[in-house]
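Summary of the model geometry
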Amino acid sequence: MNIAIIGTGYVGLVSGTCFSEMGNTVTCVDIDAKKIQRLQEGKLPIYEPGLDAMVLKNVQKGSLLFTTDLAAAIKDVSIVFIAVGTPMGDDGSADLQYVLAVAKEIGQKMTHRLLVVDKSTVPVGTADKVKTTIQVALDARDVSLAFEVVSNPEFLKEGAAVADFMKPDRVIIGAESEEAFVQMKQLYAPFFRTHDRFITMDVRSAEMTKYAANAMLATKISFMNEMANICELVGADANQVRIGVGSDSRIGYSFMYPGIGYGGTCFPKDISALTRLGEEHGYMPRLISSVDAINRDQKVHFLNKVTNKFGENLEGKTFAIWGLSFKPETDDMREAPSVYIVNELVRRGAKVQAYDPKAMEEAKGFYLKGVENLTYGASKYEVLQKADALILLTEWKEFRSPDFDEIKTQLKTPVIFDGRNQYNAFNLKKKGFEYVQIGKG
């Protein structure tokens, strides 16, 4: 099948590459000419395990193409995906300007029947806006062409996106016609060898499903963090509580780890957009508003652990940071807790020595660009030298079983602040560490 994907960001690039891996001919479109040139050379703008090799293989086979020419890309395709960004607007809602700009151009350039698929995370009712935008563009050309707008939300986890796409838990399709369902099922059929997880529904329900799923996951994270904060006050251990609660099959262990809160682009943006969507329809979503507030407060709560130990004035203090990305197996620092923590430490007069396996270039180039008294190390042990404490912010695999004797040797004082509860408190205290974690009274 020939398909086009508009947008070569995280969702568009992963989706296009995986579709091409299954034998489709995929043309990915972006307005950034330099980005397209780099992609044609096999150079990716993001880090995602397994993606670079898959891109290179399919580019060499000729099944994965990159262009800036939307008209040429949709000329011979039957399905075109919209996978451009929907950043958070000033009022917290999803900004649809890029989605609607693509819809307008599709209407201006299409020459035959198309199935237009919203892959971007968009508010309920966006498909109607896309449909109207395309139709207005067709009317301006005085052209009558059939098309249908379908919702196909993505459920990819950064760090495991390729695996998620190739072996999906489910594929949600919202459409108005049986023809569209059949066409989309044909496209996704190779991804379902043993289980049919192709779920069909109306368009608005499909759009809502994405927001509801992310809101539920974010709620579990904030719930566990609130329980952890109460555990600290009453002398309980949040990790033991998590095990007891998670053993209930109705609840489970997923997303039930206490820590410094969620980051990335999906949860913060989608929680904000869903809150705004409710408000626009006269409803105040109190639960998900609280989820967002707890998440924002959790970073402050963790920073307070540092200042409770060293004081508000951190002049003369040096801190080693392990982990800058918002989660492991990605270089994504959007809404990462590290951005807040590093800036607040420096603002209080501290020096920071940071290491991350993948995200340091992102930090240097954008998210922590120009931050004074911030340096980077080539290894996790290098940044420990003469630091007053180690602060762990991202649970990368290489941080799970470090050489604690080496850590103790390098640090000026054996203090670890663990924002991801990675280590055994009893063992560290036996080794002479002061170990500060979340959820332990």
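The structure this text deals with has already been given above.
In what follows, the accompanying structure is described. As the structure is a computational prediction, the values presented were derived from the model and not from experiment.

Turning our eyes to something else, we now look at the pattern of salt bridges. Under the definition given, this model contains 27 salt bridges. A salt bridge links Lys210 to Glu154; the shortest N-O distance between them is 3.2 Å. Of this pair, Lys210 sits in helix 9 (residues 203-234) while Glu154 sits in the loop between strand 6 (147-151) and helix 7 (161-166), and the two are 56 residues apart along the sequence. Side by side, Lys210 and Glu154 carry an identical accessibility label, which is buried.

Turning our eyes to something else, we now look at the packing of helix 11 (residues 266-280) against helix 12 (residues 286-310). Closest axis-to-axis distance for the helix 11/helix 12 pair is 9 Å, and the angle between their directions is 145°. The crossing of helix 11 and helix 12 is left-handed. Contacts between helix 11 and helix 12 involve Ile271, Leu274 and Thr275 from the former and Ile288, Ser289 and Asp292 from the latter. Broken down by class, the residue content of the contact of helix 11 with helix 12 amounts to three nonpolar, two polar and one charged.

Moving on, we get to the nonpolar core. Soluble globular proteins: nonpolar side chains tend toward being buried together. Grouped together as the largest cluster of nonpolar side chains are 56 residues, with contacts concentrated most on Phe319, Ile321, Trp322, Leu324, Leu345, Ile391 and Phe417. Setting aside residues up to four positions removed in sequence, Ile321 forms contacts with Val342, Leu345, Val352, Gln353, Ala354, Tyr355, Val383, Ile391 and Leu393. If you look at the next biggest cluster of nonpolar residues, it comprises 39 residues, including Ile3, Leu51, Leu115 and Tyr188.

Our next topic: unusual backbone geometry. Not every positive phi belongs to a glycine, and Phe255 is a case in point at roughly 60°. Mapping Phe255 onto the fold places it in the loop between helix 10 (238-246) and helix 11. What makes Phe255 partly exposed here is its relative accessible area of 31%. Phi angles above zero are rare outside glycine, and Lys386 is one such case at about 60°. Checked against the element boundaries, Lys386 lands in the loop between strand 11 (374-376) and strand 12 (389-392).

Moving on, we come to the packing of aromatic side chains. Using the criterion set out here, one finds 18 aromatic pairs in the structure. Between the aromatic rings of Phe255 and Phe267, the centroid separation amounts to 6.3 Å while the plane-to-plane angle is 45°, which identifies the pairing as tilted. In this pair, Phe255 sits in the loop between helix 10 and helix 11 while Phe267 sits in helix 11, placing the two residues twelve residues apart along the sequence. Ring geometry for Trp322 and Tyr381: centres 6.4 Å apart, planes at 80°, overall edge-to-face. Linking Trp322 in strand 9 (residues 318-322) with Tyr381 in the loop between strand 11 and strand 12, this pair joins segments that are 59 residues apart in sequence. Since its relative accessible area comes to 0%, Trp322 is described here as buried. One aromatic cluster is present, formed by Phe19, Phe81, Phe165, Tyr188 and Phe191 through successive ring pairs. Its guanidinium or amino end placed over the ring of Phe155, Arg170 lies 3.8 Å from that ring's centre, counting from NZ or CZ. Across from the ring centre of Phe310, 5.9 Å away, lies the NZ or CZ of Lys309, which sits over that ring.

It is a general feature of regular strands that their side chains alternate between the two faces of the sheet. Most of strand 10 (residues 351-355) is tucked away: four of the five residues are buried. Relative to strand 10, strand 9 runs parallel, the two being bridged by five bridges. Residue pairing in the sheet places Ile321 in a bridge with Ala354 of strand 10. Since strand 9 and strand 10 lie parallel, the crossover through helix 13 (residues 337-347) that links them has a hand, and here it is right-handed. Here strand 10 runs beside strand 11; their pairing, made up of three bridges, is parallel. Bridge pairing links Ala354 to Tyr376 in strand 11.

Reading the values: rules and limits
Residues numbered from 1 in each chain as written. Predicted model: local features only at pLDDT ≥ 70, side-chain atom pairs only at ≥ 80, totals over all residues. Heavy atoms only, no water. Salt bridge = Lys/Arg side-chain N within 4 Å of Asp/Glu carboxyl O. Helix = DSSP H or I, 4+ residues; strand = E, 2+ residues; numbered from the N terminus. Buried < 20%, exposed > 50% of the residue type's maximum accessible area, 1.4 Å probe, protein only. Axes fitted to C-alpha atoms, helices over the stretch in contact; angles between N-to-C directions. Left-handed = near helix turned anticlockwise from the far one by under 90°. Contact = heavy atoms within 4.5 Å. Nonpolar A, V, L, I, M, F, W, Y, C, P; charged D, E, K, R; others polar. Core = buried A, V, L, I, M, F, W, Y, C linked by side-chain atoms within 4.5 Å. Phe/Tyr/Trp six-rings, centres within 6.5 Å; stacked < 30°, edge-to-face > 60°. Lys NZ or Arg CZ within 6 Å of the ring centre and 35° of its normal. Pairing = 2+ DSSP bridges. Right-handed = clockwise from strand over helix to strand, strands pointing away.

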